[in-house]
Amino acid sequence: MMSVPAFGVSLALLLAEGWCAVNLVLFSRSSREGLLLCLALALPFAALFNVLLFLLFMLCGIPLTTVSLWIGHACIVAGLLLVRQFLPPTGHDSDPALLSSLRLPRIIIALCLFILAGALVYGFAHAWLLPPFQYDSFTNWLMRSKMSFLEQRLVFDNAFPHEAVRKPHYPFLVHALHLMANAGQSSWRDQLASGMTFLLSVSLLFGSFLMIRRVVGASLALFALTLVVGIPLFGLHLGEGYADHLLAEEGLAALAAFALYRSSGRKSVLLLSGLLAAAAVWTKAEGMFFVFLPWLLLALLSVRPLALRPLFPPLLLAAVWPVFLFLKGLAFTPHGSTDLLVDYHPESLRTVLSVLLYGGSFGPFWPLLFAGMVCLAIASARRSPGATFGGGDRRERLSLFLPGALCFAIVIGVYVFTPNVSYLLNGESFDRQLLTPAAMLVLPLVLCFAEFVKGRGEEG
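Residues numbered from 1 in each chain as written. Predicted model: local features only at pLDDT ≥ 70, side-chain atom pairs only at ≥ 80, totals over all residues. Heavy atoms only, no water.

**Q** Quick rundown of the nonpolar core? Include the residues and the values.
**A** Nonpolar side chains tend to gather and get buried jointly when the protein is soluble and globular. Core analysis: the largest hydrophobic core is formed by 149 residues, its most contacted members being F172, L272, W295 and W366. Every residue in contact with W366, bar those within four places of it in the chain, is listed here: V355, L356, F408, L434, P437, A438 and L441. (Core = buried A, V, L, I, M, F, W, Y, C linked by side-chain atoms within 4.5 Å. Buried < 20%, exposed > 50% of the residue type's maximum accessible area, 1.4 Å probe, protein only. Contact = heavy atoms within 4.5 Å.)

Written as structure tokens, this is what we have:
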């Protein structure tokens, strides 16, 4: 029997914990917009603290019971509140100057809202009301979480009686949230587990929207979010059962925070961006290579040496996971050592082009994205050598394409030059792993467009 109050207690603890953590990171007297951002990012930050609490319990041999989880999170909340008392705010959280005040026509805004509402209704229905149907739910995500719930420990093997779990070496941010959602329940509930990750998805998307809005305004922020959520495969994944969309959302949020850092110059926002990127490492095995390392390269190339201190906490948080894998003797990659065998598979190119140019999973997304990038490149080349988009450093704006481009190249390389080609040819995973570079490429394209529009206005 499901206990609604128990789920409410778990959710309240997570939100309180995340709220305190984001306030501590931003370290300012937030404006109304800043407070809304703290609320939006509360659950993503709570997910990070939750996974670290689970790690601590595993290392100490503490069973994952309702009492231990609730007490653990209550202690974290108390600790964050105590730390906040000794760290007074440094000032008010002010909004940066917008790159563009462009307002889209009402018909486009209405269409964007319609697409977003449809995707959220679909996701809510499948996460909260309907039973799971995704393949990976029964071989990894929900299956591993359920077994961990029954045994009061995280499962890291697939020997008897865990044969159904295909990837017991995966990071456990999602599994930890599943277990926290079921704390206080007399029996396992798939809907509570999927419902909690659905709330995480909504939080990451809303947080990304708020950060993008502070850089380019509400219209373009809404348009950027719609381009991502409107991908047919992405909307399907909002029904939960996989974690690829969560990886894409974390990459998008991290990049949105980095763009906000560029606009505001606040080191606390750079730290916020890094922690969101580090969360991807604990979400999927690909998170280190698809999100965190490309983000880290962007940060190292963009941030002055004297301003690198905010990079150390995310780097430490991301490094804990591979160290943990090494100590337990588990695989670093999704499919073990075979992922590292390099061999060119020319037969894969036709399928790659099919998915990118006319496959149904993405609709017209990739052709439109490539066309938009070409148009911006041509427009940029036609401008005078000293001209910039909107008066800023054009090279800085274009560098935001780096993480998404690297992620895209890594995904293509994995499925063209390794035995993972089999998962491309049978349609099992290539499409959904492209969700991450897709989300990370949309944002810089919209930012460059906004800056180009502002530059044209200044020239006019």
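Now that the structure has been shown, we can carry on.
**Q** Can you lay out the layout of surface pockets for me, pointing to particular residues and giving the numbers?
**A** Space inside the largest pocket adds up to approximately 580 Å³. For the lining of the largest pocket, the secondary-structure elements that each account for two or more residues are α5 (106-129), α9 (218-229), α16 (365-382) and α21 (435-459). Broken down by element, the lining of the largest pocket gets its largest block of residues, six residues, from α16. Grouping the amino acids of the lining of the largest pocket by side-chain chemistry returns 21 nonpolar, three polar and no charged. (1 Å grid on protein atoms, 1.4 Å probe; cavity = no way out; pocket = protein on both sides within 12 Å on 5 of 7 lines; lining within 4 Å. Points joined across faces, edges and corners; volume = space filled by probe spheres on them. Helix = DSSP H or I, 4+ residues; strand = E, 2+ residues; numbered from the N terminus. Nonpolar A, V, L, I, M, F, W, Y, C, P; charged D, E, K, R; others polar.)

**Q** Account for unusual backbone geometry, naming residues and giving values.
**A** The phi angle of most residues is negative, glycine excepted, and most peptide bonds adopt the trans form. Positive phi, close to 60 degrees, is recorded for Q152, a residue that is not glycine. Secondary-structure assignment places Q152 in the loop between α6 (141-151) and α7 (173-181). In this structure Q152 comes out as partly exposed when scored by relative accessible area, which is 37%.

**Q** Let's hear about the confidence of the model for the protein chain: which residues, and what values?
**A** Of all residues in the protein chain, 89% have pLDDT values of 70 or greater, and the mean over the chain is 88. Confidence, read as mean pLDDT per element, is least for helix α17 (residues 394-399) in the protein chain (71) and greatest for α7 (97). Overall, residues 384-392 carries pLDDT values under 50, and its contacts beyond four positions in sequence, including any with other chains, amount to 19 contacts. (pLDDT = per-residue confidence, 0-100.)

**Q** If you had to explain α5 to someone new, which residues and values would you point to?
**A** Between its terminal C-alpha atoms α5 stretches 33 Å, which fits the 34 Å expected from 24 residues at 1.5 Å a residue. Along α5, the residues classified as buried are C112, L116, A119, G123, H126 and A127. Turning to α5, the residues buried within the fold contact α8 (190-216) and α9. (Expected span 1.5 Å × (residues − 1).)

**Q** Can you lay out the packing of α6 against α7 for me, pointing to particular residues and giving the numbers?
**A** Taken N-terminus to C-terminus, the directions of α6 and α7 make an angle of 55 degrees; their axes are 9 Å apart at the nearest point. Considering their axes alone, α6 and α7 lie oblique with respect to each other. Judged by the twist between their axes, the crossing of α6 over α7 is right-handed. Between α6 and α7, the residues in contact are W141, L142, R144, S145, S148 and F149 and V174, H175, H178 and L179, respectively. Considered class by class, the residues forming the contact of α6 with α7 number five nonpolar, four polar and one charged. (Axes fitted to C-alpha atoms, helices over the stretch in contact; angles between N-to-C directions. Parallel < 35°, antiparallel > 145°, perpendicular 65-115°, else oblique. Left-handed = near helix turned anticlockwise from the far one by under 90°.)

**Q** Let's hear about the packing of α8 against α9: which residues, and what values?
**A** Where α8 meets α9, the closest approach of the two axes is 7 Å, and the angle between their N-to-C directions is 140 degrees. Viewed along their axes, α8 and α9 adopt a mutual orientation that is oblique. Our pair here, α8 against α9, has a crossing hand that is right-handed. Contacts between α8 and α9 involve L205, F209, I212, R213 and V216 on the former and, on the latter, A218, L220, A221, L222, L225 and V229. Along the lines of polarity and charge, the residues of the contact of α8 with α9 split into ten nonpolar, no polar and one charged.

**Q** Which residues make up helix α4 (residues 66-86), and what are the values?
**A** Taking 1.5 Å of rise per residue, the 21 residues of α4 would be expected to cover 30 Å, and the 31 Å separating its terminal C-alpha atoms lies within 8% of that figure. Among all positions in α4, only S68, L69, G72, H73, I76, V77, L80 and R84 are buried. When α4 is viewed along its axis, its buried side chains cluster within an angular range of 165 degrees and face the same direction. More than 90 degrees from the buried face of α4, the exposed residues found are V67, C75, L82, Q85 and F86. (Arc of directions from axis to C-beta.)

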